[in-house]
Amino acid sequence: MNLKKSTLFMNDQNVWHAAVAAITGQYHRLPQPVRAMLREKGGAICSAKEELHRLAHEMGSSVICASCGGECCLRGKYHFTVADLLIYRSTNAELFEPRFGRDFCPYLGDAGCLMQPSLRPFNCITFNCERVEGLWEPERIEEFYRRERELRRLYNELEVALGSQVRQGLLMGQSD
């Protein structure tokens with residue numbers, strides 16, 4: 001769905017609420033077999049993200065991330081996609097409320113990311129800075145990127161199955 005025309009003069013919070021309402025409405029109108037497919041593929045995506053997070057966490061990423069203050073999270077505004085929202089809806093997970101109007105990612109709360117690892121956007125769950133990846137052995141790096149390719153494949157399957165560009169950022173194309 002293209003919300004650009006109707007949201008041209010809205011702030012980010014209003015754009016977010018309009019997009020969430022529109023996509024949620026579309027999700028509820030999907031035929032039951034399509035929603036079942038979305039639950040299945042979304043579940044596989046969530047599992048793959050959880051595994052990627054586990055791999056990074058085992059190698060001490062949490063300590064490094066906490067010490068740098070999440071520099072990689074500074075500009076995450078456009079990372080949350082239509083696919084991410086559809087997966088949220090298919091899992092019945094409670095949707096977070098972004099904190100717009102700050103100079104860093106609106107999906108960060110006082111205690112870190114507002115999303116559990118299995119529901120974080122692709123960019124967020126697959127990115128490792130040099131400080132994190134520098135601690136890894138070559139085998140660990142290869143395993144991580146093999147799993148990242150698998151996650152990318154799952155997203156592609158979801159996009160093909162839904163016949164639309166669901167990996168577009170939920171807020172993309174909107175004025176700041």
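This report concerns the structure included in the present document.

Rules used in this analysis
Residues numbered from 1 in each chain as written. Predicted model: local features only at pLDDT ≥ 70, side-chain atom pairs only at ≥ 80, totals over all residues. Heavy atoms only, no water. Helix = DSSP H or I, 4+ residues; strand = E, 2+ residues; numbered from the N terminus. Rg over C-alpha atoms; globule rule 2.2 N^0.38 Å. Areas by Shrake-Rupley, 256 points an atom, 1.4 Å probe, with all protein chains shown as cover. Lys, Arg positive; Asp, Glu negative; His and termini not counted. Charge placed at Lys NZ, Arg CZ, Asp CG, Glu CD. Axes fitted to C-alpha atoms, helices over the stretch in contact; angles between N-to-C directions. Parallel < 35°, antiparallel > 145°, perpendicular 65-115°, else oblique. Contact = heavy atoms within 4.5 Å. Nonpolar A, V, L, I, M, F, W, Y, C, P; charged D, E, K, R; others polar. Salt bridge = Lys/Arg side-chain N within 4 Å of Asp/Glu carboxyl O. Buried < 20%, exposed > 50% of the residue type's maximum accessible area, 1.4 Å probe, protein only. Phe/Tyr/Trp six-rings, centres within 6.5 Å; stacked < 30°, edge-to-face > 60°.

**Digging into the overall build of the chain**
Okay, step 1: In terms of regular secondary structure, the chain is built from seven helices and two strands.
Okay, step 2: If you list the helices and strands of the chain from N to C, you get α-α-α-α-β-β-α-α-α.
Okay, step 3: Its C-alpha atoms give the chain a radius of gyration of 17 Å, near enough to 16 Å, the size a compact globule of 176 residues would have.
Okay, step 4: With respect to the three principal axes, the spread of C-alpha positions in the chain is 45 × 40 × 25 Å.
Okay, step 5: Accessible surface computed for the chain: about 9,700 Å², of which carbon and sulfur atoms make up 54%.
Okay, step 6: Here the chain holds 22 positive side-chain charges and 22 negative ones, and the gap between their average locations is 7 Å.

**A short note on the packing of helix α2 (residues 32-58) against helix α4 (residues 82-91)**
For any two helices packed against each other, the geometry is given by the interaxial angle and the distance between the axes.
Okay, step 1: Relative to each other, α2 and α4 sit at 105°, their axes nearing to 9 Å. When the axes of α2 and α4 are compared, the pair comes out roughly perpendicular. Contacts from L38, R39, G42, I45, C46 and K49 of α2 reach α4 at D84, L86, I87, S90 and T91.
Okay, step 2: Of the residues belonging to the contact of α2 with α4, the class tally is five nonpolar, three polar and three charged.

**Regarding the pattern of salt bridges**
Okay, step 1: Taken as a whole and judged by the stated rule, the model has 13 salt bridges.
Okay, step 2: D110 is the partner of R99 in a salt bridge, and the nearest nitrogen-oxygen pair spans 3.3 Å. Taken together, the residues span a long stretch of sequence, with R99 in the loop between α4 and β1 (108-109) and D110 in the loop between β1 and β2 (112-113) at a distance of eleven residues.
Okay, step 3: Since its relative accessible area comes to 77%, D110 is described here as exposed.

**Describing the side chain of N128**
Okay, step 1: Take N128: it is sitting in the loop between α5 (122-126) and α6 (130-133).
Okay, step 2: Aside from chain neighbours lying at most four places away, what touches N128 is A56, E133, W136 and F144.

**Observations concerning the packing of aromatic side chains**
Okay, step 1: Counted according to the given criterion, the structure contains twelve aromatic pairs.
Okay, step 2: Judged by centre distance (5.5 Å) and plane angle (40°), the ring pair of W16 and F96 falls under tilted. With W16 in helix α1 (residues 12-29) and F96 in the loop between α4 and β1, this residue pair connects regions lying 80 residues apart in the sequence. The burial state of W16 is the same as that of F96; both residues are buried.

All we've got here are geometric facts, nothing functional implied.
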